[in-house]
Amino acid sequence: MEEQQRRALRRGRARLVAALRVEPLWDPLERRGIFTRTMLEELQSAGSRGDQARQLIIDLETRGKQAFPVFLSILRDTGQGDLADMLVQECESPPTPPQLLDLQPVQLELRGEKQHKSYTRKKKSLIVMCPCQVYELKADPCGHCLILNNVTFSRDSHLSTRVGSDLDCEKLERRFKALHFDVLTRRDLKAQEMVLELQKLARRDHSTLDCCIVVILSHGCQTSHIQFPGGVYGTDGKPIPIEKIVNYFNGSNCPSLRGKPKLFFIQACGGEQKDRGFIVDCDSPKDEAPGASLESDATPFRAPSGNVDEPDAIACLPTPSDILVSYSTFPGFVSWREATGSWYVETLDSVLERYAHSEDLLNMLLRVANAVSAKGSYKQIPGCFNFLRKKFYFVCD
């Protein structure tokens, strides 16, 4: 879909949500190949007529080059030509030039541990930062934190028991409670039960809260994806794409979290490749664990069945905002775990304990990646997909 067509849909969204009659659209949208029956059933389950209209307009942007003209034709065929004319007019209107904001920087005094080395030349260090560059966490609790901890898997799944995962879970429960989050833990859930817990959290009213955290401890695998790679398994051996999990909380599906940071921490394999690394200078740290029993959370990649979206639809998907997904390992590779817990969670917990009062989240995740990458004879490198717009600092006592 061309940019001016997407712009027209966004400009006209409010009027479309208020006036669009969606019921007559379903059959022609399927008949003319814009949506599949499964996609339409998902749209119809979005809620009220207005909710269905809103989601239809959002999804229409992803449906390729013909979606916009076909949609206009269907609108006219169903007696909604006024809405089609409105979209044509919006499409022909020039883009609105961006507004220039007169931002005045403020000075924030760094106290105690918050003084970074680059600011310690003076006794009283100052950093110039606009308030709009930092997420505000004023609520108490800051937000909800859901931890899904899968340890024991069904025999039919052929997935091993995740020894040490309960220790990971306990560490993160304590850590996020200390960081002023309302923590809820669920253990050993099937895939559908995991989905229901995630949907339940996404449907809650977060309007009085400032943030949301989801932690998943499970076996993982590679999956086909558009935005976020990887998948995690329920205890029944059925996979859930990380992309699907994240999108439960995006701006269209969880309005009360719009503009607020949504953080996802995934302890699971990204695939089954085992990395022995490469030799570097002798000053690189070594952290062998002789005698330790290493386990991975890996399962093989399973190619998806059925049709996928056309390339044009994939290329023009909007990027979610205010989302960060932290992975325990690089996509496609094994994530290592011992009886005392996983390398990633142990390091994340330690870094949060030591630096959460003085550093932003991205800087701490760099510390986690550096420390984990130095461990073991097999190698592992955590990473993240970051779509946060501002710096994120936890609230500490």
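Computed from a prediction, not measured in an experiment: that's the story for all the values here.

Student: Report on the environment of Y135, specifying residues and quantitative values.
Tutor: Among the secondary structure elements, Y135 is positioned in the loop between β2 (126-129) and β3 (143-149). By relative accessible area, which is 6% here, Y135 ends up buried. Linking Y135 and D210, residues 75 residues apart in sequence, is a C-alpha distance of 8.4 Å.

Student: Got a sec to walk through the nonpolar core? Specific residues and values, please.
Tutor: Buried together is how nonpolar side chains tend to be arranged in soluble globular proteins. Core analysis: the biggest nonpolar cluster contains 34 residues, and F176, F181, I213, L263, F265 and F394 have the highest contact counts within it. When near neighbours in sequence (up to four residues on either side) are disregarded, F394 contacts F176, L179, F181, I213, L263, L352, A356, L361 and M364. One finds M1, V22, I57 and A84 within the second-largest nonpolar core, a separate group that totals 29 residues.

Student: Mind laying out the pattern of salt bridges, listing which residues take part and the relevant values?
Tutor: This model, assessed by the stated rule, comprises 20 salt bridges. A salt bridge links E30 to R37; the shortest N-O distance between them is 2.4 Å. We classify E30 as partly exposed; its relative accessible area is 30%. Taken together, the salt bridges that share partners define one network made up of R10, R13 and E61.

Student: If you had to explain the sheet that holds strand β6 (residues 220-221) to someone new, which residues and values would you point to?
Tutor: Read across the open sheet, the three strands follow the order β6-β7-β8; overall the sheet is antiparallel. Only two strands of the sheet have a single neighbouring strand rather than two, namely β6 and β8 (239-241).

Student: Let's hear about the packing of helix α6 (residues 67-77) against helix α7 (residues 81-92): which residues, and what values?
Tutor: With their axes 7 Å apart at the nearest point, α6 and α7 run at an angle of 150° to one another. In terms of orientation, α6 lies roughly antiparallel with respect to α7. Crossing of α6 against α7: the hand is left-handed. Taken together, the residues of α7 that come into contact with α6 (itself represented by F68, F71, L72, L75 and R76) are G81, L83, A84, D85, L87, V88 and C91. In terms of residue class, the contact of α6 with α7 is made up of nine nonpolar, one polar and two charged.

Student: How would you summarise α6 if you had to cite specific residues and measurements?
Tutor: Buried residues of α6: A67, F68, V70, F71, L72, I74 and L75, and no others. Those residues of α6 hidden inside the fold are in contact with α1 (3-11), α3 (26-31), α5 (49-60) and α7. Positive backbone phi, at 75°, marks G79, one or two positions downstream of α6.

Student: Residues and numbers for unusual backbone geometry, please.
Tutor: The omega torsion of the bond from D140 to P141 falls at 5°, within 30 degrees of zero and hence cis. Notably, D188 is not glycine yet its phi reads approximately 55°, a positive angle. When you line up the elements, D188 lands in the loop between β4 (181-187) and α9 (191-202).

Student: Describe in detail the state of the cysteines, supporting the description with residues and values.
Tutor: The bond known as a disulfide is covalent and runs between the sulfur atoms of two cysteines. Counted by the stated rule, this structure contains zero disulfides. Here C212 is not disulfide-linked; the sulfur of C211 is the nearest cysteine sulfur, at 6.9 Å.

Student: Before we move on, can you summarise the UniProt feature "active site" (unreviewed entry) in the chain with the specific residues and values?
Tutor: Mapped onto the present numbering, the UniProt feature "active site" (unreviewed entry) falls on H219 and C269. For H219, the location among the structural elements is in the loop between β5 (211-217) and β6. Only 2.7 Å separates the side chain of H219 from the backbone oxygen of S160, close enough to count as a polar contact.

Student: Break down helix α12 (residues 343-355) for me, citing the residues and quoting the values.
Tutor: With 13 residues, α12 should reach 18 Å at 1.5 Å per residue; the first-to-last C-alpha distance of 18 Å fits that figure. If you check which residues of α12 are buried, you get W343, Y344, V345, T347, L348, D349, V351, L352 and Y355.

Cut-offs used in this document
The numbering scheme is per chain: residues are counted from 1 as the chain's sequence reads. Reporting of local features is limited, given that this is a predicted model, to residues whose pLDDT is at least 70; pairs of side-chain atoms are given and counted only at 80 or more, and all residues count toward the totals for whole chains, interfaces and linings. Excluded from the side-chain calculations are hydrogens and water; all other atoms, namely the structure's heavy atoms, are used. Each helix is a run of DSSP H or I of at least 4 residues and each strand a run of E of at least 2, with the numbering of both proceeding from the N terminus. Under the scheme applied here, a residue whose accessible area is under 20% of the maximum for its type counts as buried, over 50% as exposed, and between as partly exposed, the area being computed with a 1.4 Å probe on protein chains only. Throughout this description, the term nonpolar core refers to a set of buried Ala, Val, Leu, Ile, Met, Phe, Trp, Tyr and Cys residues connected via side-chain atoms within 4.5 Å. Note on contacts: a residue pair qualifies if any of its non-hydrogen atoms lie within 4.5 Å across the two residues. In the sections that follow, a salt bridge refers to a side-chain nitrogen of Lys or Arg positioned within 4 Å of a carboxyl oxygen of Asp or Glu. For two strands to pair, DSSP has to find at least two bridges joining them. As a rule, the C-alpha atoms of each element are fitted with a line to give its axis, helices using only the stretch in contact, and angles between N-to-C directions run from 0 to 180 degrees. Note on terminology: angles under 35 degrees are roughly parallel, angles over 145 are roughly antiparallel, angles of 65 to 115 are roughly perpendicular, and the others are oblique. By convention, the crossing between two helices is left-handed when the near helix turns anticlockwise from the far helix through less than a right angle, and right-handed when the turn is clockwise. Polarity classes work like this: nonpolar for Ala, Val, Leu, Ile, Met, Phe, Trp, Tyr, Cys and Pro, charged for Asp, Glu, Lys and Arg, and polar for all others, with Gly in that last group. Pairs of cysteine sulfur atoms within 2.5 Å are identified as disulfides in what follows. UniProt positions are given in the numbering used here, feature names are shortened, and annotations may be inferred rather than shown by experiment. Between N or O atoms, a polar contact is any pair within 3.5 Å; within protein, one atom must be a potential hydrogen donor and the other a potential acceptor, and residues adjacent in sequence are included only when both atoms are from side chains. To estimate the expected span of a helix, subtract one from its residue number and multiply by 1.5 Å.

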